[in-house]
Structure formats: structure tokens, C-alpha cells
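# Observations on the three-dimensional arrangement
Here is what each chain is made of, one letter per residue.
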Amino acid sequence: MHYIGRFAPSPSGPLHFGSLVTALGSYLQAKSCRGKWLVRIEDIDPPREVKGASSLILKTLEALNLYWDDTVLYQSSCSERYRTVLKTLIDKQQAYYCDCTRQRIQNLTNGIYDNFCRERHLSINNKQQVAIRLKQNHPIFQFKDQIRGLQTVEKASAQEDFIIHRKDGLFAYNLVVVLDDHEQGITEIVRGADLLPVTAKQISLYQLLGFSVPSYSHLPLVLDKNGNKLSKQNHASPIDLNNFKALTVQALQFLGQYVPEDWQDATQKQLLDWAIQHWQIDNVPKQNSQLSTDIR
């Protein structure tokens, strides 16, 4: 099977160093396998979006010489496809409506949903704010990560009926990421380790829908000086395009890759070509870590 990988940022702000690590890791894995590298803009959460962020993200990738194959997919253009799948799951009684409040769920053990609405058979009208949950009849208790090895999932979490459509009318990430990765033919998902906890849920949805399950490789997270994930929500600084080659080298080192001593003499394209030829996913660290220098 021909390799197809992807980078799927949300347009909630410009790319930062943590984004660069994910983009670079997924790009190098795809290109070292002589495969395609796709870009998807996950713009399904309008309240969190920053105006102009989508185009800025793409311009930043181009400036970094991280060129994608095929057309960029915008999730905001896929609503009809998502709705069709939701209707099918409801019609087949593989999903159900849930009107439980966030406070009720937070009061449960570990905040894991107790499947309370599964047998209530709620009937709804257009004015009601209800979520849609997947009936978890085929839980995943273990899966293999290409970087971190065998992952074991806590039983209650694996068996939880999880949300696939939110009360506010927005599609849930766990639904659309599976639908779009299948639609784009993704064979391996290389992404940040912050998404490890939801991977088993996504695998169970792949299997329910009869889709081929891709392999998974979760990259280490970049932590700030306080030990928190570097993120847009934590006000991480945008990538400095006046210093992008040095940042690329730092991202390679963060990913456990060897960098030639004369990298300063190379162009960005030459540096990436060298990195593709020498990429070793087995050298990627399994643990999240702080940067040796402070990039906020």
C-alpha cells in the first residue's frame, strides 16, 4: 500500500515550535517512505478560530519548504458528509442522543460518562440542545504505537460512550478525524502525544464503520519551562520565519535526529532533503520534554 501521511492543524492561531515538531515529524516520515504528505485544516470549531490563521499556517509551511501533495482539505466544507454518517449511526441505533449536563459528568468517577442516556431513547425537537454519543459495543483495550509501543487503555475509558456531535451543534473531533483520515486514505497518523488518550476511541470507530485502521506514531510533546504543553492556548510564540532554518535544526534534534555540523551552509531545501534521507523514527524520544533553550 502506498504511504499517505498528513498534518492537520486547527486555525486557532499561527504555528509555533510544537506545531513545527509535529509538521516536520509527519513530513519526514511520509517522505522517507516515498509517500504523500497531505495538509488538512481542521476548522470545525468556529469559536476557537482566529481570522486569517488558515492562510498564515499554509504560508508558514511554504516558507519552511514543507510542501504538501494534493489539495488542502478544509473540514468546514465536509459538513454534509459528516451529517450523513451521523444519521446512519442514529438510524442503525449505533448512536443516541444525550442531554446530560457537563456538571453531572464532572461529578462522575474520573469524569468518565456512565452511559446514562443509552437506554433513555430521547426524542428531540429542533430547539433542544443535545449531544450525540456513540454506543461503545466494541471497546479497544490495547493498541500499538510505532514510537511508544503497546498502549493499554483503562477499562472504564475504553467502554465509555463518547460524544460524536456536541450540544452546541458542532461536530466532535473524534468523529471527523476518523472520517477525514479515511476519506484521504491516510495509512499512518503521525501526531502529538496529547492525542494518545483518544486513539482507542478512534480505532473503535474505524472498526464500527468498517474502515481500515491506520498505524499510529505519537511524537513527544514540547513542554514549556513550567512543564505544560507548548500550545496556542498557552500563548506560544509564532514561528520566527527570520530564523526558520535554525528552528528546523532544533526540531530535528528534539526528534532525536542527527544533524550535520555544516548545516548552516545548506539551504532549507538541502537540509530537508538530507533529513529525509537520514530520518530514523526509531530514534524519536518516547517522553515529552522541555527544550534545551527557551522557545516560548
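The structure reproduced in this document is the subject of the present report.

Cut-offs and rules
- Throughout, a residue's number is its position along its own chain's written sequence, starting from 1.
- Given that this is a predicted model, residues contribute local features only at a pLDDT of at least 70 and side-chain atom pairs are listed and counted only at 80 or more, while totals for whole chains, interfaces and linings are drawn from all residues.
- Each side-chain value is derived from all of the structure's non-hydrogen atoms; neither hydrogens nor water enter the calculation.
- For two strands to pair, DSSP has to find at least two bridges joining them.
- Note on conventions: DSSP H or I runs of at least 4 residues are helices, E runs of at least 2 residues are strands, and numbering of each starts at the N terminus.
- What makes two residues a contact is simply this: any of their non-hydrogen atoms within 4.5 Å.
- Between the N-to-C directions of two axes lies an angle of 0 to 180 degrees, each axis being a line fitted to C-alpha atoms and, for a helix, fitted only over the stretch in contact.
- Here the term buried applies to any residue with accessible area under 20% of the maximum for its type, exposed to any over 50%, and partly exposed to those in between, with areas from a 1.4 Å probe on protein chains only.
- Here the term right-handed applies to a crossover when the path leading from its first strand over the helix to its second strand runs clockwise, the strands being oriented away from the viewer.

Quick look at the sheet that holds strand 2 (residues 36–41) now. If you walk across this open sheet you meet the 3 strands as 1-2-3, and the pairing is parallel. Each having just a single partner strand, strand 1 (4–7) and strand 3 (73–74) make up the two edges of the open sheet. When strand 2 meets strand 3, the two strands line up parallel, connected through 2 bridges. Within strand 3, the residue paired with Ile41 across the bridge is Tyr74. Packed onto the sheet, helix 1 (residues 17–32) meets strand 1 and strand 2 and runs at close to 145 degrees relative to strand 2.

Quick look at the pairing of strand 2 now. Along strand 2, 5 of the 6 residues are buried, which leaves the element largely enclosed by surrounding structure. In the sheet, strand 1 pairs with strand 2 via 4 bridges, with the strands oriented parallel. Along strand 2, the bridge assignment pairs Ile4 with Lys36. A crossover connection joins strand 1 to the parallel strand 2 through helix 1; in handedness this β-α-β unit is right-handed. Following the chain from strand 2 across helix 2 (residues 53–63) to the adjacent parallel strand 3, one finds a crossover that is right-handed.

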